[in-house]
Amino acid sequence: MQSAIWSEKNYLTYLSGSIFSTQGIWIQRMTLGWMLWQQTHSESLLGILAFLLFVPSIIFGPLFGVLVDRVDRRKAALTTSLILAFISLCLALLTQKNLINDVNLLFFALIIGISNSAYQAIRLSFVPELVSKENMPKAVAINAIIYNTSRFIGPMIAGYLIKYQGEAVSLFLVAAFYLPLIFVLNKLRLKEYQAKNKTFTFISDIKAGFSYTLKSAIISKLLLLICISAILGRGLLEILPAAAEMLYQGGVEALAWLNSAAGIGAIVAGFVLSKFSSKQLLTALKIAIVSSGFLICGFNFMTGLELGLVLIALLSFSATVCGVSTQSLIQISVDSQFRGRVMSLWGAINLGGAAIGGLIFGIATEFIGYEIAFILLGLICVFISYFTSRKISL
């Protein structure tokens, strides 16, 4: 990465706060998954948990994207951060009082999912305001590195706290980790917000965003590729609590190792992609999305936790390549007046697709078995991604 990115003061200020909240995301995800698995031992319910955490991005993401294009993004980010901190605090208090069961755990997952869908739409449009256009791909790669470093560190923190302090302490830490972000957003000073043209209606704005996306060949194809990657390439990563026990006969330590392996793979991908040109990003995208399917099939031929960690790291590497590449290529292609709507659509597909993928993998593994599920879903991923990626070019 060139040093120019480090001269973007507003971006670095924001980054110093978001590092902590991003850790909290992964601590919370692992804690919720482990709590639900311990209560139910159901792969299907784990899939439903992932579904509830991420599917609101599909339903509400485009709606929040319209709002993002019409409001002060800094204030919107501050408001949603406060809401997420409050939800995390309530969940921690209820857990401490032993008032959490599988039903209200899933309810909290839905509320967190809706709130995160709002913050996702805001963040994807807010960060580009903090950096110059030439540094935007680097900022996307750095964000991926930070996010996935948290994917490595967060589960280790969660695993330690769950084992030695309990789930409630883990969730209290999640709430506390939002405080630095809230402080930074409150202090950050940007250009005065100028209201958008208010002659457009809410519905018209949504239609305009979809129309713009469909008319752009490169953007529409990139969104199709991230959809395939999210559903079929990342679905397995959403049921790791079950995989830790059913495939590797491990407990929370095995789950922490699997999550950390996924984080390492993603971090390496972020560093590699930070030096790629746009053309190289597209080539990497095509290779990674097809490789994801083969890796899923490979779980049937690799036994033992050590080999499982390698496969999870490679699968996460491929998923991160798909995510960073599509986001970077869209960010440099989209018109700024449509950025909120288009990037919220990318976020909806990326997160919502993972929710659907987690649900599919959870149901498939529970009812037809891990071996058949992995072969079937892996081959579907290979064939669909290969024929789709052949048709895209810059």
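As the structure is a prediction and not an experimental result, all values here were calculated from the model. Per chain, residues are indexed from 1 in the order of the written sequence. Local features are withheld for residues below a pLDDT of 70 in this predicted model, meaning they are given only at 70 or higher, and side-chain atom pairs are given and counted only at 80 or more; totals for whole chains, interfaces and linings count all residues. Values shown for side chains rest on all heavy atoms present in the structure; no hydrogens or waters enter the calculation.

1. A few points about helix 1 (residues 9-40)
For an α-helix the count is 3.6 residues per turn, leaving residues at separations of three or four pointing the same way.
For step 1, the next point in the chain: Compared with the 46 Å implied by 1.5 Å per residue over 32 residues, the 47 Å span of helix 1 between its first and last C-alpha is a close match.
For step 2, the next point in the chain: Take the seven residues that end at a residue and the seven that start at it, fit an axis to each, and the angle between those axes is the bend at that residue. To qualify as a helix, a DSSP run of H or I must reach at least 4 residues; to qualify as a strand, a run of E must reach at least 2; elements of each kind are numbered from the N terminus. Within helix 1, the axis deviates most sharply at Ser 18, by approximately 30°.
For step 3, the next point in the chain: Residue His 41 follows helix 1 closely and has a positive phi angle near 50°. Expected span, for any helix, means 1.5 Å times one less than how many residues it has.

2. Comments concerning the nonpolar core
For step 1, the next point in the chain: Grouped together as the largest cluster of nonpolar side chains are 87 residues, with contacts concentrated most on Tyr 11, Tyr 14, Phe 299 and Ile 312.
For step 2, the next point in the chain: Looking at this core, the element that brings in the most residues is helix 1, giving 10 residues.
For step 3, the next point in the chain: Every residue pair with non-hydrogen atoms within 4.5 Å of one another is taken to be in contact. If we skip the residues at most four places from it in the chain, Ile 312 touches Leu 237, Leu 240, Leu 258, Ala 261, Ala 262 and Phe 299.
For step 4, the next point in the chain: Definition used in this section: a nonpolar core is a set of buried Ala, Val, Leu, Ile, Met, Phe, Trp, Tyr and Cys residues joined via side-chain atoms within 4.5 Å. Relative accessibility thresholds used throughout: buried, under 20% of the residue-type maximum; exposed, over 50%; partly exposed, between the two (1.4 Å probe, protein chains only). Formed by 32 residues, the second largest nonpolar core is a distinct cluster that contains Ala 269, Ala 288, Cys 322 and Phe 338.

3. Thoughts on the packing of aromatic side chains
For step 1, the next point in the chain: When the centres of two rings from Phe, Tyr and Trp lie within 6.5 Å, Trp using its six-membered ring, the rings pair. Their planes under 30 degrees apart give stacked, over 60 give edge-to-face, and anything left gives tilted. Summed over all chains, the structure comprises 7 aromatic pairs.
For step 2, the next point in the chain: With centroids separated by 6.3 Å and ring planes inclined at 45°, the aromatic side chains of Phe 60 and Phe 64 adopt a geometry described as tilted. Of this pair, Phe 60 and Phe 64 both sit in helix 3 (residues 56-68), 4 residues apart, which is roughly one turn of that helix.
For step 3, the next point in the chain: Each ring, one from Phe 107 and one from Phe 108, has its centre 6.2 Å from the other, and the planes form 75°; the classification is edge-to-face.

4. Comments concerning unusual backbone geometry
For step 1, the next point in the chain: Of note, His 41 is a non-glycine position whose phi angle comes to about 50°, a positive value.
For step 2, the next point in the chain: Structurally, His 41 is set in the loop between helix 1 and helix 2 (43-54).
For step 3, the next point in the chain: The phi dihedral of Asn 98 falls on the positive side, at around 60°, and the residue is not glycine.
For step 4, the next point in the chain: Note that Asn 98 resides in the loop between helix 4 (73-96) and helix 5 (102-126).
For step 5, the next point in the chain: Classification of Asn 98 as exposed rests on a relative accessible area of 69%.

5. A short note on the packing of helix 3 against helix 5
For step 1, the next point in the chain: Lines fitted to C-alpha atoms define the axes, with helix axes restricted to the stretch in contact, and inter-axis angles between N-to-C directions lie between 0 and 180 degrees. At a minimum axis distance of 8 Å, the contact between helix 3 and helix 5 shows a crossing angle of 40°. As summarised for this structure, helix 3 and helix 5 are arranged oblique, according to the angle between their axes. The two elements helix 3 and helix 5 meet at a crossing, and its hand is right-handed. For the pair helix 3 and helix 5, contact is made by Pro 56, Ser 57, Phe 60, Gly 61, Phe 64, Gly 65 and Val 68 and by Leu 110, Gly 113, Ile 114, Ser 117, Ala 118, Ala 121, Ile 122 and Ser 125, respectively.
For step 2, the next point in the chain: Of the residues contributing to the contact of helix 3 with helix 5, the split by class is 9 nonpolar, 6 polar and no charged. Roughly parallel means an angle under 35 degrees; roughly antiparallel means over 145; roughly perpendicular covers 65 to 115; every other angle is labelled oblique. The crossing is said to be left-handed when, going from far helix to near helix, the turn is anticlockwise and less than a right angle, and right-handed when the turn is clockwise. Under the grouping applied here, Gly and all other residues not named as nonpolar or charged are polar, the nonpolar ones being Ala, Val, Leu, Ile, Met, Phe, Trp, Tyr, Cys and Pro and the charged ones Asp, Glu, Lys and Arg.

6. Some details on helix 5
For step 1, the next point in the chain: Between its first and last C-alpha, helix 5 extends 35 Å over 25 residues, near the 36 Å set by a 1.5 Å rise per residue.
For step 2, the next point in the chain: For helix 5, the capping residue at the N-terminal end is Asn 101, with a side-chain oxygen 3.1 Å from the backbone nitrogen of Val 103. Whenever two N or O atoms come within 3.5 Å, that pair is a polar contact, provided that in protein one can donate a hydrogen and the other can accept it, and provided that, for residues adjacent in sequence, both atoms are side-chain atoms.

7. Digging into the side chain of Ser 385
For step 1, the next point in the chain: Inspection of the secondary structure puts Ser 385 in helix 16 (residues 370-389).
For step 2, the next point in the chain: Judged by relative accessible area, Ser 385 falls into the buried class, the value being 0%.

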